[in-house]
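Below, each chain spelled out in residue letters.
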Amino acid sequence: MTHTLGRPDFDVIAAWVEPGHRVLDLGCGDGALLKHLIDTRNVHGWGVDIEDANVLAAMRNGINVIQSNLENGLKDFADDAFDHVVLSRTLQTVRHTEGILREMLRVGREAVVSFPNFAYWRNLRSVLDGRMPVSEDLPYQWYDSPNVRFFTLLDFEALCEQMGLIIVERRVLDEAGEIVQAETARDLNFLGSLAVYRLTRPH
């Protein structure tokens, strides 16, 4: 299967977004996801990124982008300003995990989070072989990685339960970007390289 811009999680995220929705993309990079959502879903999109080069690249892509540090929260945005707040492959780089999840669901009706799953069997095999894993979804060497923490599907779901967040949908992908089909969360945890979650808060 051919995936949008080589990012299979973009296809999952796009399927959860309705035409005309308001979308905030945190750690938006060059704005590729937002550009795709604007082109295919006619969304009203805004991005946030801290890196100068990413902000300029997003602007060149026609994206409304704000330069800001996610560790400082989302104080520039009002409550319920967005339908979806997206954090794509970025949660593992954020130090204040609970804080950013709370902020996402303060300014958005739903949060969409994707992250590499450290319990994926190839990652575990690398660790058993004495080396930190390097893969499609964990592309960095240990010494130059922006990641500040590693966690698994089960870890993330336990955190959501602890915080009282509601998991609306979950998609788990293998390294080829295909949806993993499994009977249990434990099997998904073992077979999935990338997880994508759709979250909301209790009413």
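Remember, it's a predicted structure, so these values are computed and weren't measured experimentally.

(A) The arrangement of the overall build of the protein in detail. Scanning the protein from N- to C-terminus turns up 7 helices and 7 strands. In the protein, the succession of helices and strands from N to C terminus is α-β-α-β-α-β-β-α-β-α-α-β-α-β. For 203 residues, the compact-globule estimate of 2.2 N^0.38 gives 17 Å, and the C-alpha radius of gyration of the protein, at 16 Å, lies within 12% of that figure. Structurally, the protein occupies a C-alpha span of about 45 × 40 × 35 Å along its principal axes. For the protein, the residues scored as buried account for 49% of the 203 residues in total. Sequence-distant contacts in the protein: of pairs separated by 6 or more residues, those separated by 24 or more amount to 65%. When the 20 positive and 30 negative side-chain charges of the protein are each reduced to one mean point, those points stand 1 Å apart.

(B) Representation of the packing of helix α4 (residues 97-107) against helix α6 (residues 153-163) in the model. Packing of α4 against α6 brings their axes to within 12 Å, and their N-to-C directions diverge by 65°. The handedness of the crossing between α4 and α6 comes out as right-handed. In this structure, α4 uses T97, E98, L101 and R102 to contact α6, whose residues at the interface are F156, L159, Q162 and M163. Grouping the constituent residues of the contact of α4 with α6 by class yields 4 nonpolar, 2 polar and 2 charged.

(C) Structural view of the sheet that holds strand β7 (residues 194-200). If you trace the 7 strands from one edge of the open sheet to the other, you get β3-β2-β1-β4-β5-β7-β6, paired in mixed fashion. Looking at which strands have only one partner, the edges of the open sheet turn out to be β3 (64-67) and β6 (166-173). Direction aside, neighbouring strands of the sheet carry axes that sit 20° apart on average. In this structure, strand β2 (residues 44-49) lies alongside β3, joined through 4 bridges in parallel fashion. Its bridge partner lying in β3, V48 is registered against I66. Together, β2 and β3 form the strand contacts of helix α3 (residues 52-60), whose direction differs from that of β3 by roughly 165°. Along the sheet, α4 makes contact with β1 (22-26), β4 (82-88), β5 (108-116) and β7, crossing β5 at roughly 145°.

(D) Expanded view of α3. Within α3, the full set of buried residues consists of V55, A57 and A58. The buried residues of α3 all sit within an arc of 165° when viewed along its axis, so they share a single face. Facing away from the buried side of α3 by over 90 degrees, the exposed positions are D52, A53 and R60. For α3, the secondary structure elements touched by its buried residues are β2 and β3. G62 sits one or two residues past α3 and shows a positive phi near 80°.

Calculation criteria
Residues numbered from 1 in each chain as written. Predicted model: local features only at pLDDT ≥ 70, side-chain atom pairs only at ≥ 80, totals over all residues. Heavy atoms only, no water. Helix = DSSP H or I, 4+ residues; strand = E, 2+ residues; numbered from the N terminus. Rg over C-alpha atoms; globule rule 2.2 N^0.38 Å. Buried < 20%, exposed > 50% of the residue type's maximum accessible area, 1.4 Å probe, protein only. Contact = heavy atoms within 4.5 Å. Lys, Arg positive; Asp, Glu negative; His and termini not counted. Charge placed at Lys NZ, Arg CZ, Asp CG, Glu CD. Axes fitted to C-alpha atoms, helices over the stretch in contact; angles between N-to-C directions. Left-handed = near helix turned anticlockwise from the far one by under 90°. Nonpolar A, V, L, I, M, F, W, Y, C, P; charged D, E, K, R; others polar. Pairing = 2+ DSSP bridges. Arc of directions from axis to C-beta.

Honestly, it's all geometry; don't read function into it.
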